[in-house]
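Now for the letters of each chain:
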Amino acid sequence: MTTGQLIVVDHLVTLLGVTAWFAAGATAATRHARLALGLLAAALLLSLERVVTVAILAGRGWWFVQEKVVLGLPMLGVAAAAAVVIAGPRLLAAARRSPGAGTSGGLVPGDELPASSVVSLLTAGYAALAGLMVTLLAGYPLTWSSALIAGSVVCAAALLTARVATAPADPAAVAAPDGGRGFSRRGFIGLAGGVVVASTGTTGVGLMFAPAGSVVTGGGPGPSTRSGAAVSVAQLRGGGAPAPGGTRRRHVLTARTATVRLASGREIRAWTFDGRVPGPPITATVGDLVEVTLRNADIGDGVTLHWHGYDVACGEDGAPGVTQHLVAPGEEFAYRFRADQAGTYWYHTHQASHRGVRRGLYGTLVVTPRRPHGDASAERLDLTLPVHTFDGTVVIGDRDLRTERTARTGTEVRLRLVDTDSEPHRLALAGTPFRVAAVDGRDLHRPGEVAGTALRLPAGGRYDLVFAMPSAPVALVVDDDRAGGLRLRPDDGAGADDSASEDTSGWPQLDLLRYGTPAAVPFGAGSRADRHFTMVLDRGVAMVDGRPAYAQTVNGGGHPSIPDQLVAEGDLVRFTVVNRSLETHPWHLHGHPVLVLSRNGTPSSGSPLWLDTFDVRPGEVWEVAFQATNPGIWMNHCHNLPHANQGMMLKLRYDGVTTPFDGAHTTSM
Ligand code: C2O
Ligand code: CU
């Protein structure tokens, strides 16, 4: 079973257990002793089953079970044991006494079960429910705050239940010495208990809002105190001159709203660069100087340009509030960087990107090597295909209909696929064997030919697929939509045909961690990291932009309250990224490619895999590493952009780098 499935099983078993405890309490209260006894047995079995599931889950990693092992199960264990000791014998006796008329073993009138049985059964239910709530709302790491809140809520509920259950019919209360005037002893105990529980709970809530430490060091030294050594991100700018033989590539991109007509004739209200979606493609040859002036005509949120996957100097990175001010309507900002990295990348706004990118503020950036790959005399077809979803329709490039192209047989074809959405896409190339030549812009080492195998392209990710054009048609099928996608026909073949492409929905998926050929890497799984950061991704209640929210969390926190990760220039940095949630999180670090070391404990065994966006699926644990060679303050976030907006974003900051901007990535709700 996958870890994701185990997490679901544990949720379900917990929920069933909660139901069984409450049902046992309710049937005991309505004096159905036999049924209550059966439910008590079921609740016990479910609780024991949880111990087994949690034990297996613990084998997948402590992050998945910590709050269950430390709080949830012990709390449930104590309450369940109390319920067995208090209610068990009484239910058993009552069941024996009952005439056995009904299957539920209803008691004859006047034959009461003591209230304590009902209270103990319901309390086990509260404990089970509180454990589930801690898992769903707080998660990892378990804090004093959530433990105190959970404990006091269970106690408060138990006290309240005891009061209600004993209030009218309990003769002891009537016989209280003060005859009901002022406080009875029982009332006093209840009140005192209430005060203790309330203050414990309040402490827990108070702790929840206590500010977290603003920086974590990952086991490395803390911030240096040398004064005068600080450098501002505003000084970390790119540029200079093109390399010898290179040219300047100047662009002006104007962000504005526009109505865009798609190939089918459908019109969409989009946010665009220069009135187009995608924005104008930016291309360069290695060594060129790219100069882009961004102007904002009328995007009220403001805009910036982030060069996704391109390791520009930090001041060019386009993180509003961190590396620059956002560009408001009527303003502009000039970006400049040397195109030293070949490959397929993309650009997009980084301000309110969950809205801006979705509506169209993105485009592609493709840098080709000085000397093209392969046979210089061969004919080439090089297509850049950003895949984006507008109102539920997949648009490839600027086409919402199938793209038809012809290519002479033998042509070297390169398809550069870019996922500009927040969800992954399934890609299948039918009609030819192919190679995945590059992932996230970086070439793979000796990638083998594959056929009949699909690919999963993570949000933000890029794949370069290469093949020689065969003498029969080739189809690129996206998300199993056989009517859409791309169709390449040999130019000596028949005319356009609108038949559906081959059914590729059953194809297995390529595992990039086992694809290609190993090669030397500058560091690996055995290297000693200077800093090691663990990021546990989940959902939970956290502060996001100053407001409590049901957030997408990292280590239980939401942006901007997640501590910055501190690194020093030259450090070898390791990340462990754990997904405790039931959603996929495409993790993206700005400014650095990371080398994949392992996934779920299995080392990467194919070509070295350098990624800027890696898809951490439910229950997965990824180990990646990178060298801190690009000083700055870098965003480190989930590239499901709504998730980032809901809190799943933090900063990785180099020691000694400061920002003159307000320091928190701006948001716009
Ligand atoms: Cu493509 Cu921070 O994003
Ligand atoms: Cu996410």
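Since the structure is predicted, the reported quantities are computational estimates derived from the model, not experimental observations. (Residues numbered from 1 in each chain as written. Chains lettered and ligands numbered in written order. Predicted model: local features only at pLDDT ≥ 70, side-chain atom pairs only at ≥ 80, totals over all residues. Heavy atoms only, no water.)

(A) Up close: the pattern of salt bridges. Applying the stated criterion across every chain, the model contains 35 salt bridges. In this structure, R402 and E404 form a salt bridge, with 3.5 Å as the shortest nitrogen-oxygen distance. Overall, the relative accessible area of 28% leaves E404 in the partly exposed class. Via salt bridges that share partners, D10, R50, E67, K68, D538 and R580 belong to a single interconnected network. (Salt bridge = Lys/Arg side-chain N within 4 Å of Asp/Glu carboxyl O. Buried < 20%, exposed > 50% of the residue type's maximum accessible area, 1.4 Å probe, protein only.)

(B) Representation of the confidence of the model for the chain. Of all residues in the chain, 91% have pLDDT values of 70 or greater, and the mean over the chain is 92. When the criterion is pLDDT under 50, residues 172-182 qualifies, and its contacts beyond four places in sequence or with other chains add up to 4 contacts. (pLDDT = per-residue confidence, 0-100. Contact = heavy atoms within 4.5 Å.)

(C) Examining the pairing of strand β25 (residues 572-579) more closely. Among the 8 residues that make up β25, 8 are buried, leaving the element largely enclosed by the rest of the structure. With burial as the criterion, each face of β25 is covered, one bearing L572, R574, T576 and V578 and the other bearing V573, F575, V577 and N579. As paired strands, strand β22 (residues 531-544) and β25 are joined by 7 bridges and run parallel to one another. Among the inter-strand pairings, M535 is bridged to a residue of β25, identified as V577. Alignment of β25 against strand β31 (residues 621-627), held across 7 bridges, turns out to be antiparallel. Residue pairing in the sheet places V578 in a bridge with V621 of β31. (Helix = DSSP H or I, 4+ residues; strand = E, 2+ residues; numbered from the N terminus. Pairing = 2+ DSSP bridges.)

(D) Representation of the coordination of the copper ion (ligand 2) in the model. Coordination sphere of the copper ion (ligand 2), protein contribution only: H585 (ND1), C638 (SG) and H643 (ND1), at 2.0 to 2.1 Å. Read in sequence order, the donor residues for the copper ion (ligand 2) give the motif H-x52-C-x4-H. Highlighted residues: H585 in strand β26 (residues 585-589) and H643 in helix α9 (residues 641-645), separated in sequence by 58 residues. Given a relative accessible area of 0%, H585 falls into the buried group. (Donors = N, O, S within 2.8 Å, 3.2 Å for Na, K, Ca; no water.)

(E) Focus on the sheet that holds strand β3 (residues 248-261). Overall, mixed pairing links the 4 strands, which are arranged β4-β3-β6-β8 in an open sheet. Edge positions in the sheet fall to β4 (267-273) and β8 (332-338), since each has one partner strand and no second. The sheet shows a mean angle of 25° between the axes of neighbouring strands, taken without regard to direction. As defined by bridge partners, strand β6 (residues 289-296) adjoins β8 across 7 bridges and the pair is classed as antiparallel. (Axes fitted to C-alpha atoms, helices over the stretch in contact; angles between N-to-C directions.)

(F) Structural view of the environment of A407. Here A407 shows up in strand β13 (residues 403-407). With residues near it in sequence (within four places) discarded, A407 still touches L381, M469, R489, P490 and D491.

(G) Inspection of the nonpolar core at higher detail. Counting residues in each nonpolar core, the largest one holds 68 residues, and the members touching the most others are L415, F575 and W587. Sequence-distant contacts of W587, defined by excluding residues within four places in its chain, comprise M535, L537, V554, D612, T613, F614, V616, N636, H637, C638, M648 and L650. (Core = buried A, V, L, I, M, F, W, Y, C linked by side-chain atoms within 4.5 Å.)

(H) The packing of helix α4 (residues 115-138) against helix α5 (residues 144-166), seen in detail. Where α4 contacts α5, the two axes come as close as 9 Å, and the packing angle between them is 155°. Regarding the angle of α4 to α5, the classification is roughly antiparallel. In this structure, α4 meets α5 at a crossing whose hand is right-handed. Contacts between α4 and α5 pair A115, V119, L122, T123, Y126, A127, A130, V134 and A138 from the former with S146, A150, V154, A157, A158, T161, A162, A165 and T166 from the latter. (Parallel < 35°, antiparallel > 145°, perpendicular 65-115°, else oblique. Left-handed = near helix turned anticlockwise from the far one by under 90°.)

(I) View of α4. With 24 residues, α4 ought to run about 34 Å at 1.5 Å a step, and its terminal C-alpha atoms sit 33 Å apart, in line with that. Burial analysis of α4 places 17 of its 24 residues in the buried class, which makes it a mostly covered element. (Expected span 1.5 Å × (residues − 1).)

(J) Fine view of a nonpolar patch on the surface. A cluster of nonpolar residues, L129, M133, L137, V541 and Y550, forms a patch on the protein surface that exposes about 390 Å² of accessible area. Per-element tally for the nonpolar patch: the top contributor is α4, with 3 residues. Assessed through its relative accessible area of 31%, L129 is described here as partly exposed. (Patch = residues over 30% accessible without salt bridge, like charges linked within 9 Å, V, L, I, M, F, W, Y side chains within 5 Å. Areas by Shrake-Rupley, 256 points an atom, 1.4 Å probe, with all protein chains shown as cover.)

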